[in-house]
Structure formats: C-alpha cells, structure tokens
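Per-entry structural report
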Amino acid sequence: SSGKSTNHIMTGSNEYKLNQGPEDSISAVKFSPSTAQFLLVSSWDCTVRLYDVGGNTMRMKYQHTAPVLDCAFYDPTHSWSGGLDAQLKTHDLNTDQDTIVGTHDAPIRCVEYCPEVNVMVTGSWDRSVRLWDPRTPCNAGTFTQPEKVYTLSVAGDRLIVGTAGRRVLVWDLRNMGYVQQRRESSLKYQTRCIRAFPNKQGYVLSSIEGRVAVEYLDPSQEVQKKKYAFKCHRLKEEGIEHVYPVNAISFHSVHNTFATGGSDGFVNIWDPFNKKRLCQFHRYPTSIASLAFNNDGTMLAIASSYMHEKGDISHPEDAIFIRQVTDAETKPK
Amino acid sequence: MAEGGDVEWELSKENIQPLRRGRAISALHQALTQQQDGLSSVINQQRQAFESELRMYEGDDPLDVWDRYIKWTEQTFPQGGKESNLTTLLERAVTRFTEEKKYHNDPRYVDLWIKFAESCPEPLDIYRYMQAQGIGMTQASLYIAWSEEYENQGNFHKADLVYQEGFKKCAEPHDKLLQFHKSLQARVSRQVMMEVEDDDSDEEPKQPERVSLVDLKYRGKKKAIALVNRTGPAIRSVSGGLQSRGAPVLGNASNTRLMIFDESKAPTAGPSEPRLEPWMAPPTSRAKENEKRPEKWCDVKKSKFGHTVMAPPPSKPTFQPFVDESDQPPTMTPCKINPAVNTVLSARKPCREGTPLKRLQEHHLQQKEAELGKSQEQSMYCKDLLLSGATEFCFEELRAERYFKKIAQDTQEVSGQKDHSGSSAAK
C-alpha cells in the first residue's frame, strides 16, 4: 500500500506507524529485553519480523510453515516462536539461522522466557506446558494442564497458566513436580490474557467480556482481600452497552502500572494501586491484538489488528503503532 | 490384541453404562484400553475434531454433527461420568434446536431429548416440557419412554394414558407403539393375576422364584418360604412369569405385607390424562453424581420430649496413641494441599447450577429478548460459536480451524488438477 513507502507517518506528535508491517493479522509484539531499538512481531502471514524501531525499518524476517501465534526474545540476538504448525523455532538474529527445537501435539499458543530459571516456556492447545533449555536447545519437560492453554505469564520463578474453562494454575518453575495453586478465574467469561506484575506479587487477568481482574499470588487471607475486578472496554451506543474482549495487557516495568487493549480499539493505562485509570489514548483503526512496553517504559508498541472476533469479514488494515509515553501517562498519582 | 481387550472387558464390566442400542464391542475394547492411563491425546484430538466440526458446519443438517458427537461420546466413555461431558453435551444439543421446528419430530432429536430426560432427576418434567413445546409429538419413542417412566414409578394408570395420547397423535411407528402398549397391558394384567393368586396363597409357587438379595421370610398359612419383595423402582420383568411384583416397596418394610397396585382403586384425584400445561414449579436440582436426596432419617427416633437422642461426644482418650516411628508421611504428593491456599479457591458460582429445565427456559427467554432487542448488553464477538460445544474455543482456535480447512481444500484442488492434467496428458 502507499502508506508503507513513506517514512514516519505520524498519527500524532508522539506516535508513528511502523513500515513494512506484516501482511496478515498480528498475533504478538515483544520488545527486546535490553534495548528499545528492537521489536519482534509474529503474524498470521507465517512470518516473524524484527523491526528497528528507531529507524522505522524492518531488519529481517523468517518463516514458519503456518501462521505464528507468539514469539519471545531469549536474549537480544535470539528469538523463539511457535504457531499453528506446532513447531517451536529459535532464530539467531545475527546469523539469520533457523533451528527447530521441538514440537507440541497441537498448535503452540504462547511462548515466554523466564530469566530467573533460564528456561523457555511454551503453552499449547494440546493441554500441556513444555519447558525448553535455551542453551542446548532441547526439551526440559512436559507438564499436562487440565485444559487447552490460552495464555501464560512468568512472575519471577513462578509460572501462571490460563486455560480454557476459566482455570488458572500457578506452577513453581524450580519444582514442577506438582501444581502450586489451582484457581478458578474470578471473572465469569473466557480468559483472554494473563500478565504478571513486574514486582512478582500478582497478576492481571482479562476476559472476553470487557472485564479485568487484579489478583495476588500470596494465598494468605490478608493479601487475598486486596484482589478486585473492574469493567472496561465497553461502549454505550444507543442505550445498548457493547461489551468488547480485552485481548492484551502489558506492564510498565518501572511503575507497575499496566496498559490494556480491547477489541473496541482503545488502549487504557491503569494504576492498580489507586484503582484508577491514568489515561486513554485515541481510538485505533481496529481491535488491539497485542501491547508491549519497552524495557524502560518510555515506549508502547500497539498492534491494531482485527482478530476475527466476528468471523472473516472486511476490516481496517493491520498496523503497528509506536507511541512515546510520558510519566504523566504511566506514573501512579 | 483381542485377548487384551477381553481382559479389559472382564475387568471393568461394572463400569460400563448400559445403552439402549447396545455397544460396539470393538469401540468398547478400544475405549477400555485407551482409558487406562487418563485421557489419551487421541481422544482429545477426536473430541477437538468434533468440537470444531460443530462450529464449522455449513450444511443444512447441523443436528447430524451433534448426533454423531454424542454417539461417539457414549461409545468412548463407557463409564459415563464427568469426564465424558455427556450431560452438558445433551443439554447443549437439545437447547440448541428448540427453535428449529424442522427437527421437532426428527427421531434423532427426540432420541437426544429422551437421553437428556433420562439423565435428569425428574424425567417426567422434561417429557411434559417437550409436550408443551410440541417436540416429538408424533414419535412413538417419546410415548414409550414417557410411559416407562410412569411405570417405573408405579403409576400404571398414567402409563396407559400416555399411550392413549400417543395413539391420539398418530405417533409413528404405529406398530411399535401398539406392541409396547400391549406388553404394558400384559404386565399390568399379570400384576392383577398375582393379586388374585396372593389371596389364596395356600399353594406353593408354581415356578422357581428368582432369588434376590433379600432375606427370605415366612408368609402365608403354611409358612412357606418365598420371595418377599424386591426394592427399587426398576422391578419389571419382561419375560413372563407371574412372580414379579409391581408397585415398588420402599424402605425397610421387608416384613410388611406387599402393597399391590389395584387399578380399580387407582387414585382419581389427578387429571384423567396428561395435561397440556406449561411446566410450573422448578424441579429438584441438577443431575449430579453422588448427590443424596434429602430423606427421612429412619433410624432416628424422637424421644418423648421431642428432642432427638444424641450420642454423647466421645471423651478424650487418657492415653497417648502409639505412632509408629517409621510411619512418615510421603515426602511428595501429586498436589500440595495447603489449607491456606484453599481460601483462594473461589466457590463455584451458584448461578451455574439450577435445574436443566430452568436453564432451558432461561435460554428460551433470552432468545426472545434478543429478538425483541430488549437486552441491555451486547457482546461484540461471535459468542455462540465460541461456546456452542461442550468445551469452549477461543478466536484463534476458530480461525485456525478455518485455516486448516482451507489448506486441506487447496491441497485437494491441487491434487485434483494434477490428476486432471495427468489424465489429459495420457490422452
């Protein structure tokens, strides 16, 4: 399209659209752990792309044999990714070399890295979580979950798994012999996304029906009393409340505040301590599929991409926006 | 292979739920071998395939998928139970098509309803609901199942009236209905004859009695030993013999005289035929395993003062119980049960419970409201598709299914073209 050829299309003074975006829906955006320069993007067009955010160029891309559902950095030079072909790939971003590390029995839905235990974690619709040693690289164990895995997040050495049937399981990555906690989502509808607090004390869970829950890992009653949930990503039109799925959550690493993105096309930033919304950005062209703050919390990558929530219908173009965020937008007041 | 299957079958007969149409022995062997160590991935894959077919189906007979899925579930999970999801599946299936008039007298749909009713605590309520909705009105199988339910409860009068209703509605197949009605009449007349015989029970039983797990008692003038009663509602001998007793005798009344149903003394309080009425009061709770109905505590006797006698609490032992030193708890259990953790588990939401019939009606109401545009909230995604099966799907799964379907079609087309070009080249 014509938009892709021109550099730095500004949708505001503090925001621009990435060039050479994926050709189909975007499944995940992830910033490099060490620098704000690189962004990894996986897509339904079967590619994983690496962007130079500062220069607004695509540095490289590699292919899977089927759409890719998630990707993650292991270190600044290695990406891991998996998708509908059920294959887990690692890619050396310096040498452009592919390695197939292993497979699941069904599509891989989530890929995460746990720096504390130095292990890659994948979750799949085959009802299992698998651990992978990133150095060898090889499989380091398969752990059956009660249902299909829809989302997972790492909090220190703990792994929080969200599955179908609204179940939440907390595992100890240092001792995978048993499930540390079995929980039920406190929300009534399907779990879309779980992300752990950077301070490792809890997690935020979003559901398919416009609601977000803030939960704590410490099982003591005193701490559990603090948990709560709230409604968001709902729009009132002609007296009817339209309730949208909340697809994406990303934490600000410094302030422990978080951004949520919904199928309404809005991005909100929340202060979980004072239970307040800090700000809402303008409406993006279509559903927010994925969100990522960079390592120091000065930038937010926003994937605006239709997720086929209402079937295969015509929809606005998929796009990734890079937005500079300020303390005024992200710091608790 | 066959031997191994035989062993499985021999070892787990008691875990196999009977089916009206019986079971395929090959499927049974397979299911029993597969399920030795939990749910195999093969079963999960097959289930996922059915689940996606439910959602992707584009033909004009969506009931077919449900029918096959439910039959597969019955064959694959011979022991039934929660894992099979059968009750949920049946409930979803019958709810799904309540508005589809074309299925209302489809034998497959009516069969699903009957299976659903049989899994509910109050099947009669479901049959009445079906009647009110006009489902299965021309299907003989409904009247047969309905009548059998009345018969099991000992109400022969109503059991007969149900057949009359069936004849009035010209239910098909007529022969089958007639045949079942005749055998009901035969059973009832046998009961009556039994009663006559009982009156002059000087003689010993003419045929050897079937022995049941009840103590034998003295009866009659000669104190002849004879079978006294068989409890439970399921006493119905199909194969002749005058010994079967009709009305179930409940409780520990084994030494009391039998209550025998007398048609002429049948209660006339109720309406003379099953009334066409919308279902009124909510029946008891949902069919759950291991659920005990509230019942009389028959062993508890009231004292003169109206207080129940309670055993005094055992006093604390004055000695130290001996504990074996080597008896240590296992070092690791599969799941750590930390009492503090338990508080985190939120209780199951009460709204999920309620009776199947109540949920059916709620669904009905919601549909009507949605049609009228009354609902205040609208979900902005394909909610019906995600939740239509026994397990939920997410957007990505649905889209993945569409993707795989398209890939399969494309490869088929390519190979078709190749065949075509190959054959044309041969020409």
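In the nomenclature of an unreviewed UniProt entry, chain B is known as BUB1 N-terminal domain-containing protein of Echeneis naucrates.

As recorded in an unreviewed UniProt entry, chain A goes by the name Mitotic checkpoint protein BUB3, listed as coming from Echeneis naucrates. The annotation that UniProt attaches to chain A under Sequence similarities (unreviewed entry) is "Belongs to the WD repeat BUB3 family."

Listed by partner, the interface residues are 32 residues for chain B and 40 residues for chain A. When contributions to the side of chain B that touches chain A are tallied by element, the ones reaching two or more residues are helix 3 (41-56), helix 11 (339-342), strand 3 (377-379) and helix 14 (395-426) of chain B. Counting residues per element, the side of chain B that touches chain A draws most heavily on helix 14 of chain B, which supplies seven residues. Class assignment for the residues of the side of chain B that touches chain A results in 15 nonpolar, ten polar and seven charged. Where strand 24 (residues 240-243) of chain A and strand 3 of chain B come together, three bridges link them in parallel fashion. By the bridge assignment, H242 of chain A is partnered in strand 3 of chain B with Q378 of chain B.

Right, let's get into the confidence of the model for chain A. In this model, chain A carries an average pLDDT of 92, and 96% of its residues clear a pLDDT of 70 or more. Contacts from residues 1-10 of chain A, a stretch scored under 50 in pLDDT, to residues over four places away or in other chains number eleven contacts.

Let us look at the sheet that holds strand 13 (residues 128-133) of chain A. Residues and elements named next belong to chain A. The sheet built from four strands is open, its strands ordered 11-12-13-14 with antiparallel pairing. Every interior strand has two partners, whereas the edge strands, strand 11 (108-114) and strand 14 (138-144), have only one. The average undirected angle you get between the axes of adjacent strands in this sheet is 20°.

A general feature of soluble globular proteins is that nonpolar side chains tend to end up buried together. Ranked by internal contacts, the top residues of the largest apolar core, which has 95 residues, are A301, I302 and I320 of chain A. Ranked by residues supplied to this core, first place goes to strand 7 (residues 68-75) of chain A with six residues. Counting residues in hydrophobic clusters, the runner-up holds 41 residues, among them A31, F116, Y129 and A171 of chain B.

All names here are of chain A. As summarised here, the arrangement of the four strands in space is 15-16-17-18, forming an open sheet in which the pairing is antiparallel. Single-partner strands in this sheet number two, and they are strand 15 (149-155) and strand 18 (175-184). In this sheet, neighbouring strand axes are inclined to one another by 20° on average, regardless of whether the strands run parallel or antiparallel. Bridging between strand 16 (residues 158-163) and strand 17 (residues 167-172) involves six bridges; their strand directions are antiparallel. Its bridge partner lying in strand 17, G162 is registered against V168.

Time to look at the UniProt feature "repeat: WD" (unreviewed entry) in chain A. All names here are of chain A. The sites that carry the UniProt feature "repeat: WD" (unreviewed entry) are, in the present numbering, residues 101-133 and 239-271. The distance from the first to the last C-alpha atom of residues 101-133 is 10 Å, and the span holds 0% helix and 67% strand. The distance from the first to the last C-alpha atom of residues 239-271 is 29 Å, and the span holds 0% helix and 61% strand.

One can find F167 of chain B in helix 9 (residues 156-168). Note: C-alpha distance between F167 of chain B and Y127 of chain B (40 residues apart in sequence) is 17 Å.

All right, on to helix 7 (residues 123-133) of chain B then. Residues and elements named next belong to chain B. Burial runs high along helix 7: eight of the eleven residues are buried. For helix 7, the complete set of buried residues consists of P123, D125, I126, Y127, R128, Y129, M130 and Q131. Taken from the residues just after helix 7, G134 is the one with a positive phi, measuring 75°.

Helical geometry: 3.6 residues make up each α-helical turn, so side chains three or four residues apart lie on a common side. Residue and element names in this part refer to chain B. For helix 8 (residues 140-152), which comprises 13 residues, the first-to-last C-alpha distance of 18 Å matches the rise-based estimate of 18 Å (1.5 Å per residue) to within 8%. Counting buried positions over the 13 residues of helix 8 gives eleven, a clear majority of the element. Buried within helix 8 are the following residues: A140, S141, L142, Y143, I144, A145, W146, S147, E149, Y150 and E151.

Before going further, it helps to spend a moment on unusual backbone geometry. In this model, T136 of chain A is joined to P137 of chain A through a cis peptide bond whose omega is -20°. Its place among the elements puts P137 of chain A in the loop between strand 13 and strand 14. Each neighbour pair has its own omega, and for E172 of chain B with P173 of chain B the value is -10°, a cis peptide bond. Within the secondary structure layout, P173 of chain B lies in the loop between helix 9 and helix 10 (174-199). The backbone phi angle of C46 of chain A is positive, close to 75°, even though this residue is not glycine. Inspection of the secondary structure puts C46 of chain A in the loop between strand 4 (38-43) and strand 5 (47-52).

Criteria and thresholds
Residues numbered from 1 in each chain as written. Chains lettered and ligands numbered in written order. Predicted model: local features only at pLDDT ≥ 70, side-chain atom pairs only at ≥ 80, totals over all residues. UniProt positions renumbered as here; feature names shortened; annotations may be inferred. Contact = placed C-beta atoms within 7 Å. Helix = DSSP H or I, 4+ residues; strand = E, 2+ residues; numbered from the N terminus. Nonpolar A, V, L, I, M, F, W, Y, C, P; charged D, E, K, R; others polar. Pairing = 2+ DSSP bridges. pLDDT = per-residue confidence, 0-100. Axes fitted to C-alpha atoms, helices over the stretch in contact; angles between N-to-C directions. Core = buried A, V, L, I, M, F, W, Y, C linked by C-beta atoms within 7 Å. Buried ≥ 20, exposed ≤ 12 C-beta atoms within 10 Å, placed from the backbone. Expected span 1.5 Å × (residues − 1).

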